Amino acid sequence: MDKILSAVAELYAPVALGALYSMVAKPDSGFIRALSRALLFSFLPLLLFSSTYSGGSEELFAELAQMGASAMLIAAVSLASSLALTRDRELVLLSTYVNAGYLPIPVAYALWGERALRLVGFYVLFNASIGYTLAPLLLKGDLRSGLRELASFPPLYAVLSGLALSLAGVKIPNLLVDTAAKVGSAAPYIALFALGLQFTSIKVESIRDSVKVAVVRFAVAPLAAALLTPYLVEVGSVAWRVALLESCMPPAVTSAVLCGVYSSRPERSASVVLLLTFVSTAMLPFLLAFLA
């Protein structure tokens, strides 16, 4: 119980600080974008690299396969169920491309330690590939644009480089690895603070669309993960817990950015993402109690 309470406190404190700062200082969207880019290009890649650069080759391959299969399964169920429920391609993207890094990282780290970060990193690898490929296909029918976006996604290279160096047996001085881990450990708190900053941007008129996406994200996908992932990973293992955690995450913040590029109603997607992200933080205590 103490571990759960500690995890909840660590999650809500930076979100609350961000929301308070948003109400008092009223930062503009440029400040929030700059902070998010700093996180995406600097802190998060360091954290993912340091957590991926470890373990033996057999263990890494097994974890990569487990997380890849889980990510593809959950994405396929989310995609099919959202198409059937909404018949709206923008909402389908929001239902399928999830927040696989920003929110799961502080939860996984608080509950299961550094090894869980490696598993989250592998899930991010497949989740980002799926999301960046789906976005232009669903909204514009343009695969090339999605591949260009994927090629400029820094966390992807952090996971791939950490994985490649580990498998190749390349030894990096402990000083560098430890420094990367310590600096990167700021990423979860910066991400949650940035989330709190967007508190005042939620538009209530997007509630109906948010409910449709929420059915997929918080009901259909977790149920499918609970029923089907035991065929892919050992029940009760850290990999299984990470897969369940990822299955009930809200839409990715990045998906709102992609909708801003490819959709004619970017403000709708941004409101859905923000609203469901805050809903998911309210659900976290129950999720933590189940997964702990």
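Our subject in this report is the structure included herewith. Since the model is a prediction, treat every value here as computed from it, not as a measurement.

### Side note on the layout of surface pockets
(1) Moving on: The computed volume of the second largest pocket comes to approximately 220 Å³.
(2) Moving on: Contributing to the lining of the second largest pocket are 13 residues, with Pro222, Cys248, Met283, Leu287 and Phe290 lying nearest its centre.
(3) Moving on: The set of elements that each furnish at least two residues to the lining of the second largest pocket consists of α11 (207-228), α12 (238-247) and α14 (266-291).
(4) Moving on: Broken down by element, the residue count for the lining of the second largest pocket peaks at 6 residues, all from α14.

### Focus on the environment of Thr86
(1) Moving on: For Thr86, the location among the structural elements is in helix α3 (residues 57-86).
(2) Moving on: Taking the C-alpha atoms as reference points, Thr86 and Val216, 130 residues apart in sequence, are found 10 Å from one another.

### Quick look at the packing of helix α4 (residues 89-96) against helix α6 (residues 114-139)
(1) Moving on: Here α4 crosses α6 at 180 degrees, and the two axes come no closer than 10 Å. The angle between α4 and α6 places the two elements in the roughly antiparallel class. Between α4 and α6, the contacting residues are Arg89, Glu90, Val92, Leu93 and Thr96 on the first element and Asn127, Gly131, Leu134, Ala135, Leu137, Leu138 and Leu139 on the second.

### Observations concerning the pattern of salt bridges
(1) Moving on: Applying the stated rule across the entire model yields 1 salt bridge.
(2) Moving on: With its nearest N and O atoms 2.8 Å apart, the salt bridge here joins Arg118 to Glu63. Linking Arg118 in helix α6 with Glu63 in helix α3, this pair joins segments that are 55 residues apart in sequence.
(3) Moving on: Its relative accessible area of 5% is what places Arg118 among the buried residues.

### Some points on a nonpolar patch on the surface
(1) Moving on: A contiguous nonpolar surface patch, about 550 Å² in accessible area, is contributed by Leu223, Leu227, Leu228, Tyr231 and Leu232.
(2) Moving on: Along the chain, the position of Leu232 falls in the loop between α11 and α12.
(3) Moving on: A relative accessible area of 35% means that Leu232 is categorised as partly exposed.

### Notes on unusual backbone geometry
(1) Moving on: Unusually for a residue other than glycine, Lys26 sits at a positive phi of about 50 degrees.
(2) Moving on: Here Lys26 lies in the loop between α1 (2-25) and α2 (29-52).
(3) Moving on: With a phi angle near 55 degrees, Arg87 is a residue other than glycine that sits in the positive phi range.
(4) Moving on: Of note, Arg87 is situated in the loop between α3 and α4.

### Some thoughts on the environment of Ala25
(1) Moving on: Along the polypeptide, Ala25 turns up in helix α1.
(2) Moving on: The sequence separation of Ala25 and Leu197 amounts to 172 residues, and the corresponding C-alpha distance is 9.8 Å.

### Notes on the nonpolar core
(1) Moving on: Core analysis: the biggest nonpolar cluster contains 77 residues, and Met67 and Leu93 have the highest contact counts within it.
(2) Moving on: Looking at which element gives the most residues to this core, the answer is α6, with 14 residues.
(3) Moving on: Filtering out sequence-adjacent residues up to four positions away, Leu93 remains in contact with Gly131, Leu134, Ala135, Leu138, Leu139, Ser255 and Cys259.

### Comments concerning the packing of aromatic side chains
(1) Moving on: Using the criterion set out here, one finds 4 aromatic pairs in the structure.
(2) Moving on: Where Tyr21 meets Phe31, the ring centres are 6.1 Å apart and the plane angle is 35 degrees; that geometry is what we call tilted. With Tyr21 in helix α1 and Phe31 in helix α2, this pair connects stretches of sequence that are 10 residues apart.
(3) Moving on: Overall, Tyr21 belongs to the partly exposed group, its relative accessible area being 37%.
(4) Moving on: Centre to centre, the rings of Tyr21 and Phe193 are 6.1 Å apart; their planes meet at 50 degrees, and the pair counts as tilted.

### Overview of the packing of α2 against α6
(1) Moving on: In the contact formed by α2 and α6, the axes pass within 8 Å of each other and the chain directions differ by 110 degrees. On the basis of the axis angle, α2 is roughly perpendicular to α6. The way α2 lies across α6 gives a crossing that is left-handed. Residues Leu47, Leu48, Ser50, Ser51 and Thr52 of α2 touch α6, and the partners they reach there are Glu114, Leu117, Arg118, Gly121 and Phe122.
(2) Moving on: Grouping the amino acids of the contact of α2 with α6 by side-chain chemistry returns 4 nonpolar, 4 polar and 2 charged.

### With respect to empty space enclosed by the protein
(1) Moving on: As enumerated under the stated definition, the model contains 5 cavities of 30 Å³ or more in all.
(2) Moving on: Within this model, the largest cavity holds a volume of roughly 180 Å³.
(3) Moving on: If you trace the largest cavity, you find 18 residues lining it, with Ala100, Gly101, Tyr102, Phe153 and Thr254 closest to the centre.
(4) Moving on: When residues of the lining of the largest cavity are traced back to their parent elements, those giving at least two are α2, α6 and α13 (253-262).
(5) Moving on: In terms of residue class, the lining of the largest cavity is built from 14 nonpolar, 4 polar and no charged.
(6) Moving on: Size it by volume and the second largest cavity reaches roughly 110 Å³.
(7) Moving on: Lining of the second largest cavity is provided by Ser36, Leu39, Asn99, Tyr102, Leu103, Ala191, Leu192, Ala194, Leu195, Gln198, Val253 and Thr277.
(8) Moving on: When contributions to the lining of the second largest cavity are tallied by element, the ones reaching two or more residues are α2 and α10 (187-197).
(9) Moving on: For the lining of the second largest cavity, the element with the highest residue contribution is α10, accounting for 4 residues.
(10) Moving on: Residues belonging to the lining of the second largest cavity are distributed by class as follows: 8 nonpolar, 4 polar and no charged.

Reading the values: the criteria
Residues numbered from 1 in each chain as written. Predicted model: local features only at pLDDT ≥ 70, side-chain atom pairs only at ≥ 80, totals over all residues. Heavy atoms only, no water. 1 Å grid on protein atoms, 1.4 Å probe; cavity = no way out; pocket = protein on both sides within 12 Å on 5 of 7 lines; lining within 4 Å. Points joined across faces, edges and corners; volume = space filled by probe spheres on them. Helix = DSSP H or I, 4+ residues; strand = E, 2+ residues; numbered from the N terminus. Axes fitted to C-alpha atoms, helices over the stretch in contact; angles between N-to-C directions. Parallel < 35°, antiparallel > 145°, perpendicular 65-115°, else oblique. Contact = heavy atoms within 4.5 Å. Salt bridge = Lys/Arg side-chain N within 4 Å of Asp/Glu carboxyl O. Buried < 20%, exposed > 50% of the residue type's maximum accessible area, 1.4 Å probe, protein only. Patch = residues over 30% accessible without salt bridge, like charges linked within 9 Å, V, L, I, M, F, W, Y side chains within 5 Å. Areas by Shrake-Rupley, 256 points an atom, 1.4 Å probe, with all protein chains shown as cover. Core = buried A, V, L, I, M, F, W, Y, C linked by side-chain atoms within 4.5 Å. Phe/Tyr/Trp six-rings, centres within 6.5 Å; stacked < 30°, edge-to-face > 60°. Left-handed = near helix turned anticlockwise from the far one by under 90°. Nonpolar A, V, L, I, M, F, W, Y, C, P; charged D, E, K, R; others polar.

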